[in-house]
Amino acid sequence: DAGVIQSPRHEVTEMGQEVTLRCKPISGHNSLFWYRQTMMRGLELLIYFNNNVPIDDSGMPEDRFSAKMPNASFSTLKIQPSEPRDSAVYFCASSQQGSRIWNTEAFFGQGTRLTVV
Amino acid sequence: AQSVTQLDSHVSVSEGTPVLLRCNYSSSYSPSLFWYVQHPNKGLQLLLKYTSAATLVKGINGFEAEFKKSETSFHLTKPSAHMSDAAEYFCVVSRLFYNQGGKLIFGQGTELSVKP
């Protein structure tokens, strides 16, 4: 398996523009996570999907952020409009979890480095 | 609620000397704990995990960690540091959502420097 695939790897955009980050989880995994990493705040969980359903989106900063998982093999994280403070590395991760296997590890993608100028 | 605290933001060791990265956890039930490593400009890689099978857990690259319930600790150790160990290390606890899997809660990270 190729692992978790994120695109693009780098994104530079102007303030106010819409940004869409993409993630393809590992085949067969049923849980998907979006994290944001900054120097100030470290790694923050933004949203967590289980079987394509958002379970916990309490980490989504504000309404400018939205995430979707239309099927088991694809997810997007959208920022509209983008602001300079959104600059960060965004990671997608996936795992195989259920009621009795909740202790399995998550596999991370290489991340998308977003710069909003 | 589940959380982890990494006691050192930065640790510096000399090559060939032991490594100790400290982590305390808080959990209302028996936790699952993980250590991840992140090399510069890279993604995160699992080093090891504890899931109640054995208190001493061995991971990749010679790292191991011991789960101590009485101390609520899960410290990461390695007998002899190598230059390639220089990276950021994250202690992680899994928070369970009933019948809906679990999410990983990350500590703030410890940056490990290895001097020649």
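Only a predicted model underlies this, so the values are computations on that prediction, with no experimental measurement involved.

(A) Just the packing of aromatic side chains, in detail. Tallied over the entire structure, the rule returns 14 aromatic pairs over all chains. With centroids separated by 6.2 Å and ring planes inclined at 50°, the aromatic side chains of B:Tyr50 and B:Phe74 adopt a geometry described as tilted. Of the two residues, B:Tyr50 sits in strand 6 (residues 44-50) while B:Phe74 sits in strand 9 (residues 73-78), which places them 24 residues apart along the sequence. Each of the two residues, B:Tyr50 as well as B:Phe74, counts as buried. Put simply, the rings of A:Phe33, A:Tyr35, A:Tyr48, A:Phe91, A:Phe108, B:Phe34, B:Tyr36, B:Phe90 and B:Phe106 pair up and form one aromatic cluster.

(B) Representation of the pairing of strand 5 (residues 33-38) of chain B. All names here are of chain B. With six of six residues buried, strand 5 is to be regarded as a mostly interior element. Here strand 5 pairs with strand 6 via six bridges, running antiparallel. Its bridge partner lying in strand 6, Leu 33 is registered against Tyr 50. Where strand 5 hands over to strand 6, the hairpin turn is made up of five residues, of which Asn 41 adopts a positive phi near 60°.

(C) Up close: the interface of chain A and chain B. Counting residues at the interface gives 26 residues for chain A and 25 residues for chain B. Summed over the shared surface of chain A and chain B, the number is one salt bridge. Residues A:Glu105 and B:Lys49 are paired through a salt bridge, measuring 2.8 Å at the closest nitrogen-oxygen approach. Where chain A meets chain B, there are five residue pairs in polar contact (both at pLDDT 80 or more). Among the secondary structure elements, those contributing two or more residues to the side of chain A that touches chain B are strand 4 (31-38), strand 5 (42-50) and strand 6 (53-56) of chain A. Classifying every residue of the side of chain A that touches chain B gives 11 nonpolar, 11 polar and four charged.

(D) Quick look at the environment of B:Ser32. In this fold, B:Ser32 is placed in the loop between strand 4 (23-26) and strand 5. A C-alpha to C-alpha distance of 26 Å links B:Ser32 and B:Ala81, two positions 49 residues apart in sequence.

(E) View of the sheet that holds strand 3 (residues 19-24) of chain A. Residues and elements named next belong to chain A. Pairing is antiparallel across the open sheet formed by four strands, whose spatial order is 1-3-8-7. The open sheet terminates on both sides in strands that have one partner only, identified here as strand 1 (5-7) and strand 7 (65-71). Shown here is a sheet whose adjacent strand axes are inclined to one another by a mean of 15°, direction ignored. Examined bridge by bridge, strand 7 and strand 8 (residues 74-79) share five bridges and lie antiparallel to one another. From the neighbouring strand, Phe 65 faces strand 8, where its bridge partner is Ile 79.

The rules behind each value
- Residues numbered from 1 in each chain as written.
- Chains lettered and ligands numbered in written order.
- Predicted model: local features only at pLDDT ≥ 70, side-chain atom pairs only at ≥ 80, totals over all residues.
- Heavy atoms only, no water.
- Phe/Tyr/Trp six-rings, centres within 6.5 Å; stacked < 30°, edge-to-face > 60°.
- Helix = DSSP H or I, 4+ residues; strand = E, 2+ residues; numbered from the N terminus.
- Buried < 20%, exposed > 50% of the residue type's maximum accessible area, 1.4 Å probe, protein only.
- Pairing = 2+ DSSP bridges.
- Contact = heavy atoms within 4.5 Å.
- Salt bridge = Lys/Arg side-chain N within 4 Å of Asp/Glu carboxyl O.
- Polar contact = N/O pair within 3.5 Å; in protein donor to acceptor, adjacent residues only side chain to side chain.
- Nonpolar A, V, L, I, M, F, W, Y, C, P; charged D, E, K, R; others polar.
- Axes fitted to C-alpha atoms, helices over the stretch in contact; angles between N-to-C directions.

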